[in-house]
Amino acid sequence: MTSWEPQSATADQLRAVFKQSLSRDNSARKDATRILEDARKSRPDLTNYLANIFAYPTTDADIDIRASAGLMLKNSIFLDFERIQYNPHTVSYVKDCILLGLTQPVAILRNISGSILSAFVLRGGFKLWPDVLPKLLAIAEQSDDALQDGALSALAKLFEDSGSELDSADEGQRVLAFMIPRFMDLALSPSAKVRAQAVMCLNQFILRQSPALFARIDDFLTTLFRLAIDPDPSVRRNICTAFVMLLDVRPDKLLPHLDGIIDYTSHCMADEDEQVALEAGEFLFGLAENTQLSEHVVQFLPKIIPVLIKCMVYTEYDCERLLGENENDADMEDKITDIKPTHAKSRTKHTVSSASATNDSQRNDDELDDEDDYDYDDDDDDFSSEWNLRKCSAAAIDLFASKYHSRILQYCIPALKQNLMSPEWQYREAAILAYGAIADGCVDGLSPFLPDVLPYFIQGLTDQMAPVRQIACWTMGRYSSWICYRSADVGYEREFIPALQGFLRCCLDNNKKVQEAGCSGFANFTEQAAGLLIPYLVYILRNLTLCFSKYQSKNFPILYDALQTLVDKVGYAMKSKEYVDLLLPPLIDRWQKLADDDTNLFPLLECLSSVTAALGEHFAPFAQPVFQRAINILQKNLVMVQDFTNDPSLDLPDKDFIITTLDLIDGLVQGLGPLGSELISSTDLPLMQMVLMCMRDEVNEVRQSAFALIGDMAISTFDIVKPYVPAIMTELIPQIDSSDQSCSAVCNNATWAAGELALRLGEHVQPFVGPLMERLVVVVAVQDLVEKNIIENAAITIGRLGIACPEIIAPRLDVFASYWCKTLKMIRENDEKETAFKGMCKIVALNPSGLQDCLVAFVEAIGLYTEPSNELQDMFKTILTGYKSLIPDWQGVVVNKLPPEVCERVRERYGV
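Residues numbered from 1 in each chain as written. Predicted model: local features only at pLDDT ≥ 70, side-chain atom pairs only at ≥ 80, totals over all residues. Heavy atoms only, no water.

Participant: Just give me the short version of the packing of helix α43 (residues 788-804) against helix α45 (residues 813-824), but keep the residues and values in it.
Facilitator: Where α43 contacts α45, the two axes come as close as 9 Å, and the packing angle between them is 115°. For the pair α43 and α45, the crossing hand works out as left-handed. Of α45, the residues touching α43 (which contributes Ile791, Glu792, Ala795, Ile796, Ile798 and Gly799) are Phe816, Trp820, Thr823 and Leu824. For the contact of α43 with α45, a count of residues per class yields 7 nonpolar, 2 polar and 1 charged. (Axes fitted to C-alpha atoms, helices over the stretch in contact; angles between N-to-C directions. Helix = DSSP H or I, 4+ residues; strand = E, 2+ residues; numbered from the N terminus. Left-handed = near helix turned anticlockwise from the far one by under 90°. Contact = heavy atoms within 4.5 Å. Nonpolar A, V, L, I, M, F, W, Y, C, P; charged D, E, K, R; others polar.)

Participant: Can you lay out helix α50 (residues 900-910) for me, pointing to particular residues and giving the numbers?
Facilitator: The set of residues buried in α50 consists of Val902, Cys903, Val906 and Tyr910. Projection of α50 onto a plane perpendicular to its axis shows the buried side chains occupying an angular sector of 105°, all on one side. Structural note: α50 exposes Pro900, Glu901 and Glu908 on the side pointing more than 90 degrees away from its buried face. Buried-residue contacts for α50 involve α47 (855-864) and α48 (870-886). Gly911 occupies a position one or two residues after α50 and carries a positive phi of about 65°. (Buried < 20%, exposed > 50% of the residue type's maximum accessible area, 1.4 Å probe, protein only. Arc of directions from axis to C-beta.)

Participant: Before we move on, can you summarise the pattern of salt bridges with the specific residues and values?
Facilitator: Two side chains with opposite charge may pair up if their charged atoms get near one another. Enumeration over the complete set of coordinates arrives at 39 salt bridges. Note that Lys554 is salt-bridged to Glu516, the shortest N-O span being 3.5 Å. Here the residue Lys554 occupies a position in the loop between α30 (537-546) and α31 (556-570), and Glu516 occupies one in helix α29 (residues 512-529), the gap between them amounting to 38 residues. Since its relative accessible area comes to 22%, Lys554 is described here as partly exposed. The closest approach of N and O atoms between Glu527 and Lys569, which form a salt bridge, is 3.5 Å. Taken together, the positions of Glu527 in helix α29 and Lys569 in helix α31 put the pair 42 residues apart, joining distant regions of the chain. (Salt bridge = Lys/Arg side-chain N within 4 Å of Asp/Glu carboxyl O.)

Participant: Just give me the short version of the confidence of the model for the chain, but keep the residues and values in it.
Facilitator: On average, residues of the chain score 90 in pLDDT, and 94% of them are at 70 or above. Note on residues 351-373: pLDDT under 50 across the span, and 60 contacts to partners over four residues away in sequence or across chains. Every residue in residues 378-384 is under pLDDT 50, and counting partners more than four places away or in other chains gives 26 contacts. (pLDDT = per-residue confidence, 0-100.)

Participant: Let's hear about the packing of aromatic side chains: which residues, and what values?
Facilitator: Within the structure shown, the criterion is met by 29 aromatic pairs. Considering the side-chain rings of Trp4 and Tyr49, the 5.2 Å spacing of their centres and the 85° angle between planes classify their relative orientation as edge-to-face. One end of the pair, Trp4, is in the segment before α1 (8-21); the other, Tyr49, is in helix α3 (residues 46-55), and 45 residues separate them in sequence. Note on Tyr551 and Phe556: the rings are 6.2 Å apart at their centroids and 65° apart in plane angle, and the pair reads as edge-to-face. Through a chain of ring-to-ring contacts, the aromatic side chains of Tyr492, Phe496, Phe503, Phe525 and Tyr536 assemble into a single cluster. (Phe/Tyr/Trp six-rings, centres within 6.5 Å; stacked < 30°, edge-to-face > 60°.)

Participant: Could you give an account of a nonpolar patch on the surface, naming the residues involved and the relevant values?
Facilitator: Residues Phe78, Leu79 and Leu122 make up a contiguous nonpolar surface patch of roughly 270 Å² in combined accessible area. In this fold, Phe78 is placed in helix α4 (residues 63-84). (Patch = residues over 30% accessible without salt bridge, like charges linked within 9 Å, V, L, I, M, F, W, Y side chains within 5 Å. Areas by Shrake-Rupley, 256 points an atom, 1.4 Å probe, with all protein chains shown as cover.)

Participant: Account for the environment of Thr835, naming residues and giving values.
Facilitator: Mapping Thr835 onto the fold places it in helix α46 (residues 831-846). What makes Thr835 buried here is its relative accessible area of 12%. Considered as a pair, Thr835 and Val490 are 345 residues apart in the sequence and their alpha carbons are 43 Å apart. If sequence neighbours within four positions are ignored, Thr835 has contacts with Leu759, Gly799, Arg800 and Ile803.

Participant: Provide a residue-level description of the nonpolar core, including the pertinent values.
Facilitator: Counting residues in hydrophobic clusters, the biggest one holds 325 residues, and the most contacted among them are Leu287, Ile438 and Leu732. Ignoring anything within four residues of it in the chain, the contact list for Ile438 reads Ile397, Ala401, Ile408, Leu409, Cys412, Val443, Leu446 and Tyr479. (Core = buried A, V, L, I, M, F, W, Y, C linked by side-chain atoms within 4.5 Å.)

Participant: So what's going on with unusual backbone geometry? Residues and values would help.
Facilitator: With a phi close to 50°, His405 is a non-glycine residue in the positive phi region. Assignment of secondary structure puts His405 in the loop between α21 (389-404) and α22 (409-420). Unlike most non-glycine residues, Ala530 shows phi in positive territory, near 45°. Note on placement: Ala530 falls in the loop between α29 and α30.

Structure follows, in structure tokens:
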């Protein structure tokens, strides 16, 4: 021991303070905490006293006091290590007390000592305590179970926190090369706890791919196989963990033993210990993800798939828990802890090739792709908020289906058919879940079975048990595309209408989770059905609007999303008084009930922005109060942002309010068209100045929504925008920067807005053409590095600039022409494409030689344009006739290089 000795009076005083810190009296605890914090800052020797109180008992009843001192010692090491490390007496004393703590008979003190030790090494490194590993190993190899437990627990923590330091140093590798065989010996100890902790220590070096462990990997595997039938669940769990980790980094080593490991983990998935079962399930999940063993795993699918199906069934305990829940809880108010925080969604403007260029409420492609993905770790799919074996098995079979497709069907269809017809609800539910999980990967192979299976899904929508109804909604949603495609052949009465009725019935269910699943399933169905729903709109709206009087707070966002999806898909068919009278009153009523600072406004504002854009002038009677409140909210939040900028001690407002109100105003501008100018002029608040502020905001999503609004205002209310064009361009042009992927949506919207402004500015766009072209040319030239929709919008904007100012752009034609032709030749034909090609024709007319390297591509783009306007067709003919007269061998240089169908179209339509 060191020469430092504590003063007994000081130690007693500190013990008294720690005792006070454990008091039930809140005031006493606060006073104690303050005293201890003051001591930490003012007493250089406090670390020594903490170590002393922790390591040395005074009575048998002071365990809590010692534990508190130990935890403060750990925190002190983290906070004050720069001071501690330069006092050799303190360092030496703390080390001795830590090792003494590992030998305590009380487990909690040993665990705390291990945490202190790990914190010490994490802060000071092994160089400050070079002999710590040999000392811990010496303790671990003693015959006393408590000593072994303390040392191995400390080693496991140490390796987890600082093991990488050992791997990065030659000395560390030599130490590990000595220690790892000792851990393998300890893994065969008579003590179950020692065996489990020894394997845990070894596992810490698998994912790090430690050379010292991998040099003995065959011995390690032998040790694992010897322990496979260990009676202790902690040992079995750590063995499964080892297999999961090895599968990730050394699948080649598992390959010779794969059959046995699959048998073992499959057996462990039925283990009474839930953690053992889950860790075993993780191995099959990892096997589904693994690409190196894909072809070898095929032969084991007959073993794997039935196990996963079996493990997707709720256990008896699960069933009892579910049966104990309130089935009809729709009238019960949500707990605050049940309501997830809501956030504004980012939206990207005008993806020309894949969405209508006049509908900004179209959601991102990635968002649509993920819409029907079942979150197997979602805390709403059942009562458990934890990842469990059932969820793991469902996710695994989903992965196997995506990888092996129809090859898994022969191993699951018989069992699933049997479970679908089971009188026990949990088997029906698991079968429906499994069918949903394999939908994406196996839908083609399932097609012959689905006509017989779908009635069971539809029946599940009315099942007596809420979990069955809930999962049936999700599974039906995943087969929506198949149902809609097939309905034209077999009739809508067979599956389409029953599915629609089932979804809407579940939306109005008396169980909250079924309500949520019903709305989500309906939204997925709507994505696929789109126009097929038009004949049923009155029925749909009557049902969905009834939800407003039935739902509690938690489910409103999913209801808004369902309505927004419907409006996005068929809003063009809803412009009638009948639909407006059904849809708007409950939405406006809800809008009026929520306060301006209520975050539940976010999803409602997003929904309203789509509704207003879709209903157009039919929304006009509601527009003024909605617009005025939206602009008031915007102004209030911008003032709060400015106040925060001036005084950072204030709370920063939630900028989602700014984003969603911008989007709502955008929806009003789109929907009302020219009437929007009158609406904007009716307010005393300076909308344009506020939008300019938003263009400068540091949050990407705020700028993204601001540029979207500017673009739509350019289309519908250009008279409002025109006086501010110089200020707008000052903010807009720097945002056309595709180099920063995190700002890609901002770049996209700014690029699109520039094109809309250019189209309407005409010759007045001239001062901005040069700076815009500098950035736009860069965007179209890096095609493999920039998102497709950004490149398309950039190419369209270049063409639109060419309408007014071709003479400025023509000299640079050769720089961007090939990229421009490649980008725009295949996009959807609409007004944006039309104006882009008109501008390009003007540019080419002024610099025909600029197409020297890509003339064939330009002619092909003209030939692929199936329905140009008469004006554009005449421009094309003039251009082509001119080139033909300039090129003596027109046939050989151009025509013979075109695809046959394009060549024929050019010859017939343009005579060249």
